[in-house]
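Here is what each chain is made of, one letter per residue.
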Amino acid sequence: MTNAVTVAVVGGAGVATELGKKGTSSDLTLYNTVRDGHAVTLVEPSQFPEKFSPLPICLSMADQCLLVVQELTRPLAETIATLEISDVPTTVVLGPAVGEADVGRLLKGGRLETAPRVPLDLPALRALVDGWEAPETPGPARVPLDHAFPVKGVGAVALGVVRQGTLHAHDRLRLWPSPKVVEVRSLQVHDVDRKEATCGERVGAALKGVEADEISRGQVLAPESALTEGGRVRCGPIEKCRYYRGDAGVGAHLHLSLGLQVVPVVLEEMDGSSGLLVPDRPVAFRPDDAAILIDLSVPVGPRVVGRVKVLGLA
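Predicted model only: the values in this text are computed from it and were never measured.

Conventions used here
- Residues numbered from 1 in each chain as written.
- Predicted model: local features only at pLDDT ≥ 70, side-chain atom pairs only at ≥ 80, totals over all residues.
- Heavy atoms only, no water.
- Core = buried A, V, L, I, M, F, W, Y, C linked by side-chain atoms within 4.5 Å.
- Buried < 20%, exposed > 50% of the residue type's maximum accessible area, 1.4 Å probe, protein only.
- Helix = DSSP H or I, 4+ residues; strand = E, 2+ residues; numbered from the N terminus.
- Contact = heavy atoms within 4.5 Å.
- Phe/Tyr/Trp six-rings, centres within 6.5 Å; stacked < 30°, edge-to-face > 60°.
- Lys NZ or Arg CZ within 6 Å of the ring centre and 35° of its normal.
- Pairing = 2+ DSSP bridges.
- 1 Å grid on protein atoms, 1.4 Å probe; cavity = no way out; pocket = protein on both sides within 12 Å on 5 of 7 lines; lining within 4 Å.
- Points joined across faces, edges and corners; volume = space filled by probe spheres on them.
- Nonpolar A, V, L, I, M, F, W, Y, C, P; charged D, E, K, R; others polar.
- Salt bridge = Lys/Arg side-chain N within 4 Å of Asp/Glu carboxyl O.

(A) Structural detail: the nonpolar core. Membership of the largest hydrophobic core comes to 55 residues, with the highest contact counts inside it found for Val10, Leu67 and Leu293. It is helix H2 (residues 54–61) that provides the largest number of residues to this core, a total of five residues. When near neighbours in sequence (up to four residues on either side) are disregarded, Leu293 contacts Ile238, Leu254, His255, Leu256, Val265, Leu277, Arg303, Val304, Val305, Gly306 and Val308. Within the second largest apolar cluster, 20 residues are counted, among which are Leu173, Leu187, Leu207 and Val210.

(B) Broad picture of the packing of aromatic side chains. The full count for this structure, using the stated rule, is one aromatic pair. Ring centres 6.1 Å apart and planes at 65° place the aromatic pair Phe48 and Phe52 in the edge-to-face group. Owing to a relative accessible area of 12%, Phe48 belongs among the buried residues under this scheme. Exposure remark for Phe52: the relative accessible area of 2% places this residue in the buried category. Above the ring of Trp176, the side-chain terminus of Arg174 is found at 3.8 Å from the ring centroid.

(C) Region of interest: the pairing of strand S2 (residues 21–25). One ladder, built from three bridges, connects S2 with strand S3 (residues 29–35); its direction is antiparallel. Bridge assignment links Lys22 to a residue of S3, and that residue is Tyr31. Here S2 folds back onto S3 in antiparallel fashion, the turn holding three residues.

(D) Quick peek at the layout of surface pockets. There is about 920 Å³ of room inside the largest pocket. The wall of the largest pocket is formed by 39 residues, among which Ser60, Arg142, Gly259, Arg286 and Ala290 lie closest to the centre. Residue assignment for the lining of the largest pocket shows that the elements contributing at least two residues are H2, strand S8 (143–151), strand S20 (253–258), strand S23 (283–285) and strand S24 (289–294). Among the residues making up the lining of the largest pocket, the classes are represented as 22 nonpolar, eight polar and nine charged.

(E) Quick peek at the pattern of salt bridges. If you walk through the whole model with that rule in mind, you get 18 salt bridges. Between Asp130 and Arg35 there is a salt bridge, and its shortest N-O distance comes to 3.0 Å. Residue Asp130 is located in helix H5 (residues 122–130), and its partner Arg35 is located in strand S3; the two are separated by 95 residues in the primary sequence. The residue Glu78 makes a salt bridge to Arg303 at a minimum N-O spacing of 2.8 Å. Taken together, the residues span a long stretch of sequence, with Glu78 in helix H3 (residues 74–84) and Arg303 in the loop between S24 and strand S25 (304–313) at a distance of 225 residues. The exposure classification of Glu78 matches that of Arg303, with both residues buried.

Have a look at this one:
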């Protein structure tokens, strides 16, 4: 068994590739390393800023975040705006071309103003992430899935990080938010066969009862009754991003980033204390999960509207 952590690396490219070995790559790129029994998975939103969704997905996967500041750009400003409404612990990494005063002005007034700041020094960053671990979250197994592919002679293999509990070979779990129940045939953690995977570990699970093309990012392996699933969702008030310049009022067509799920949604109701979100397909969640609202049509400024808590089904 290893200690493990997942780290989002955002704000500047080229750092994650120096900290781990490149693995799965799509609109997200993952890098992995195992040293002295400690496994680190680094996630980079490789198609941001062209696509917005990789950024909140990357943050949703992470136990810790490295915000790499190498130059002051609009994408960096949008990254910071999104991080400010996220609760992932963040360390600011300063490149040699950026001064403390510049970064101080950029972060002033937000939660990152008091975030730790370190220089862009690769050996020191390796030592830093090697000291991080995912929090232990007891309860039934919960594994949000980020990629899936077919393997000849094995079948569907789904990849994800165990966010709660322990995943065992031969577990029978629901593939939320679908009605499918699947069996975990076998498990691998960083290419090593395992009988179980614990909280924080990135796992490849061979699944019986589903084809790879039936698995989509954002689906969650969890027992029956462990999650809530539906297509009309009550939410709390929107904690608006202070830089958002759009008009996300009642009737707005937005996107909801909930865990690793990103779905179109209509804001049907909103008052001072609660609202009603209607996604275009059912979503799976736990009551009080935090989610991000996205406005892809905003003409200027960050595409992040703000943060809401999903309370339950309407």
